[in-house]
Amino acid sequence: MTKIISITGDLGSGKSTVAELLCKRLNYEYIYTGQIQRKIANRYNMTTLELNNYSETHPEIDEEIDSTFKSLNESTNLIVDSRLAWFFIPKSFKVFLKTDLIVSANRISGDNQRKEESYSSEKEAVDKIIARKVSENKRYMELYGADCSDLNNFDLIVDTSVITPEEVVDIILAKYNSWLGSN
């Protein structure tokens, strides 16, 4: 049986934090797209939004990121934090983390590890988050026919706006254990 939890969701929803906590609790390996994308953006001297826009006409960027995830279907004991892991690893337990836009903007603005994602105001942060999401969704529909906005693609949806990452992990683990038992 494939023991993979794929996590995706809104920007600033806590995907990385939750994935790291899940890895510690389950002793699973962590595969993390955000870090790969930021490294590529830095290599091209771009922000992540600029890289997303660039990727619309340069499919080699998505191929570089996505080829890793396509190869994971026979793996086990993984937490995969990726926009399209649910699509590339269909046998995974698919989790979508959602959050309020203002909460997302404040989380991203306060994250010191996202230096390339700094904003002058909350409104600018919200606008850029929306633009990045639109860019990604458009590109993924064109490339793969993957509709990231259709929440029916996921086994579990958790709103992280007002609960702690530990509470999110508890919810995921309860549903994941039930899912494992039924598969």
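Residues numbered from 1 in each chain as written. Predicted model: local features only at pLDDT ≥ 70, side-chain atom pairs only at ≥ 80, totals over all residues. Heavy atoms only, no water.

**Brief notes about the pattern of salt bridges**
In total, this model carries ten salt bridges according to the counting rule given. D127 is the partner of K123 in a salt bridge, and the nearest nitrogen-oxygen pair spans 2.7 Å. Of the two residues, K123 and D127 are both situated in helix 7 (residues 122–144); the distance of four residues between them amounts to about one turn of the helix. Judged by its relative accessible area of 37%, D127 falls in the partly exposed class. For the salt bridge of R132 with E136, the shortest nitrogen-to-oxygen distance reads 3.2 Å. Taken together, the residues span about one helical turn, with R132 and E136 both in helix 7 at a distance of four residues. The burial state of R132 is the same as that of E136; both residues are buried. Taken together, the shared-partner salt bridges connect R83, R132 and E136 into one network. (Salt bridge = Lys/Arg side-chain N within 4 Å of Asp/Glu carboxyl O. Helix = DSSP H or I, 4+ residues; strand = E, 2+ residues; numbered from the N terminus. Buried < 20%, exposed > 50% of the residue type's maximum accessible area, 1.4 Å probe, protein only.)

**With respect to helix 8 (residues 165–182)**
Given a rise of 1.5 Å per residue, 18 residues ought to cover 26 Å, and the 26 Å separating the end C-alpha atoms of helix 8 matches this to within 8%. Every buried residue of helix 8 is accounted for by V168, V169, I172, L173, Y176, W179 and L180. Seen from one end, helix 8 has its buried residues packed into an arc of 130°, which puts them on one side. Of the residues in helix 8, the exposed ones pointing more than 90 degrees away from the buried face are G181 and S182. Elements that come into contact with the buried residues of helix 8 comprise strand 1 (4–9), helix 1 (15–26), strand 4 (93–98) and strand 5 (156–159). (Expected span 1.5 Å × (residues − 1). Arc of directions from axis to C-beta. Contact = heavy atoms within 4.5 Å.)

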